[in-house]
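Residue-level listing of the chains:
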Amino acid sequence: QVYLAESGGGLVQAGGSLRLACRASGINFSISRMGWYRQAPGKQRDLVATISREGNTNYTDAVNGRFTISRDNARSTVYLQMNSLKLEDTADYYCQTTWTSVNYWGRGTQVTVSS
């Protein structure tokens, strides 16, 4: 069974940093493309960043230069380092992968940026 478990969310002041982690099980992590998405209250879920099995990364424009996605295949974990956080980064953050043509999501971790 595929399971994605996010951690690392919390309350942080604007300008601060957080690191999210997502540990995966039930998949061959080293060959899986991993993604982070976020959903703000009342809004749709949007892509934040992805990382391929080769380590190639992509970011949405809103976080480019502030967030860094990385992976540790030995730990089956993908990370999202978030720096220079802004009020508009407040959202629930979700880990995502596709395995055997099925999309899987974690339960999410909440990030709240305060002024």
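Residues numbered from 1 in each chain as written. Predicted model: local features only at pLDDT ≥ 70, side-chain atom pairs only at ≥ 80, totals over all residues. Heavy atoms only, no water.

## Examining unusual backbone geometry
Phase 1 of the analysis: We note that S76 has phi near 50°; this positive angle belongs to a residue other than glycine.
Phase 2 of the analysis: For S76, the location among the structural elements is in the loop between β7 (67-72) and β8 (77-82).
Phase 3 of the analysis: With relative accessibility at 19%, the residue S76 sits in the buried group.
Phase 4 of the analysis: Look at T100: it is not a glycine, yet its phi comes out positive at around 50°.
Phase 5 of the analysis: Structurally, the position occupied by T100 is in the loop between β9 (91-99) and β10 (102-105). (Helix = DSSP H or I, 4+ residues; strand = E, 2+ residues; numbered from the N terminus. Buried < 20%, exposed > 50% of the residue type's maximum accessible area, 1.4 Å probe, protein only.)

## Digging into the state of the cysteines
Phase 1 of the analysis: Inspection of every chain in the model, using the stated rule, returns one disulfide.
Phase 2 of the analysis: Disulfide partner of C22: C95, at an S-S distance of 2.2 Å. One quick way to see it: the torsion about the S-S bond of C22 and C95 is about -80°, and its sign makes the bridge left-handed. With C22 in strand β3 (residues 18-25) and C95 in strand β9, this pair connects stretches of sequence that are 73 residues apart.
Phase 3 of the analysis: Its relative accessible area of 0% is what places C95 among the buried residues. (Disulfide = S-S within 2.5 Å.)

## A word on the environment of G16
Phase 1 of the analysis: With respect to the helices and strands, the residue G16 is situated in the loop between β2 (10-13) and β3.
Phase 2 of the analysis: Considered as a pair, G16 and S114 are 98 residues apart in the sequence and their alpha carbons are 9.7 Å apart.
Phase 3 of the analysis: With residues near it in sequence (within four places) discarded, G16 still touches M82, N83, S84 and L85. (Contact = heavy atoms within 4.5 Å.)

## Quick notes on the pattern of salt bridges
Phase 1 of the analysis: Summed over the entire model, instances satisfying the criterion amount to four salt bridges.
Phase 2 of the analysis: R38 is the salt-bridge partner of D89, the closest N and O atoms lying 2.9 Å from each other. Linking D89 in the loop between β8 and β9 with R38 in strand β4 (residues 34-39), this pair joins segments that are 51 residues apart in sequence. Pair check on accessibility: D89 and R38 agree, each one buried.
Phase 3 of the analysis: For R66, the salt bridge goes to D89, with nearest N and O atoms at 2.8 Å. (Salt bridge = Lys/Arg side-chain N within 4 Å of Asp/Glu carboxyl O.)

## What about the sheet that holds β7?
Phase 1 of the analysis: With antiparallel pairing, the four strands of this open sheet are ordered in space as β1-β3-β8-β7. Each edge of the open sheet carries a strand with a single partner, namely β1 (3-7) and β7. Across the sheet, the mean angle separating the axes of adjacent strands is 15° when strand polarity is ignored.
Phase 2 of the analysis: Bridging between β7 and β8 involves six bridges; their strand directions are antiparallel. (Pairing = 2+ DSSP bridges. Axes fitted to C-alpha atoms, helices over the stretch in contact; angles between N-to-C directions.)

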